[in-house]
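If you want the building blocks of each chain, they are given just below.
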Amino acid sequence: MADTLAPERLEAGERGRLVVSERAVSRIVEAAAAVPGTRRTSSANPRTAAAAVSGVVDSVLGRSYPDVDCTVAGHRARVKVEVAAVWPVPAPQVAARVQAAVTEALDHYAGMTADDVSVVVATYVTDQPETTRRVL
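Residues numbered from 1 in each chain as written. Predicted model: local features only at pLDDT ≥ 70, side-chain atom pairs only at ≥ 80, totals over all residues. Heavy atoms only, no water.

Caption draft 1: Geometry of helix α2 (residues 22-32). Residues Val-25, Ser-26, Ile-28, Val-29 and Ala-32 constitute the buried set of α2. Projected down its long axis, α2 shows its buried positions confined to an angular sector of 165 degrees, all on one face. The outward face of α2, more than 90 degrees from its buried face, is lined by the exposed residues Arg-23, Arg-27 and Ala-31. (Buried < 20%, exposed > 50% of the residue type's maximum accessible area, 1.4 Å probe, protein only. Helix = DSSP H or I, 4+ residues; strand = E, 2+ residues; numbered from the N terminus. Arc of directions from axis to C-beta.)

What follows is the structure in structure tokens.
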């Protein structure tokens, strides 16, 4: 009787399937885009005067970086990532790092093939700490 209650030992591919949602893929891509030379930004807290002007526009548009747009079809993904780079790191270098990290993360964490990973350096930020002004 114990034999009839025991589940059959099936190979991994025969036990079921894994469906990864676009939201999960977006989260994986967002985390992977945090490579050296990029910064997570919020339009509510710009770090420079130039970023403040850009931040006003971004807050109106509801942007923060990294900004991810992805399309998932089965085990394949097409991804567009907009990032904020740290000045003076060259944009092609940042884009290549992000592209490699995203491709690897999708394969490792979601078992997906990245058909296209498009990276746009949307803005630059300085790596200086925010200073506060005191008025006496």
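Caption draft 2: Main features of the pattern of salt bridges. Applying the stated criterion across every chain, the model contains three salt bridges. The shortest N-O distance in the salt bridge between Arg-76 and Asp-115 comes to 2.9 Å. With Arg-76 in strand β5 (residues 76-86) and Asp-115 in strand β6 (residues 113-125), this residue pair connects regions lying 39 residues apart in the sequence. Ionic pairing is found between Lys-80 and Glu-82, a salt bridge with its closest N-O pair at 3.5 Å. (Salt bridge = Lys/Arg side-chain N within 4 Å of Asp/Glu carboxyl O.)

Caption draft 3: Structural detail: helix α4 (residues 91-110). Helix length check: α4 (20 residues) gives 27 Å between terminal C-alpha atoms against 28 Å at 1.5 Å per residue, within 8%. For α4, the set of buried residues is Val-94, Ala-95, Val-98, Val-102, Ala-105, Leu-106 and Ala-110. Buried residues along α4 cover an arc of 105 degrees about the axis, so they all sit on one side. Facing away from the buried side of α4 by more than 90 degrees, the exposed set consists of Pro-92, Glu-104, Asp-107 and His-108. (Expected span 1.5 Å × (residues − 1).)

Caption draft 4: Here's a closer look at the nonpolar core. One finds Val-25, Val-29, Val-79, Val-81, Val-98, Leu-106 and Met-112 to be the most contacted residues of the largest nonpolar core, which totals 27 residues. Contributing elements (two or more residues each) for this core: α2, β4 (67-73), β5, α4 and β6. The greatest single-element share of this core, amounting to seven residues, is contributed by α4. Those residues within four positions of Val-81 in sequence are excluded, and the remaining contacts are Val-29, Ala-33, Pro-66, Asp-67, Val-68, Val-98, Ser-118, Val-119 and Val-120. (Core = buried A, V, L, I, M, F, W, Y, C linked by side-chain atoms within 4.5 Å. Contact = heavy atoms within 4.5 Å.)

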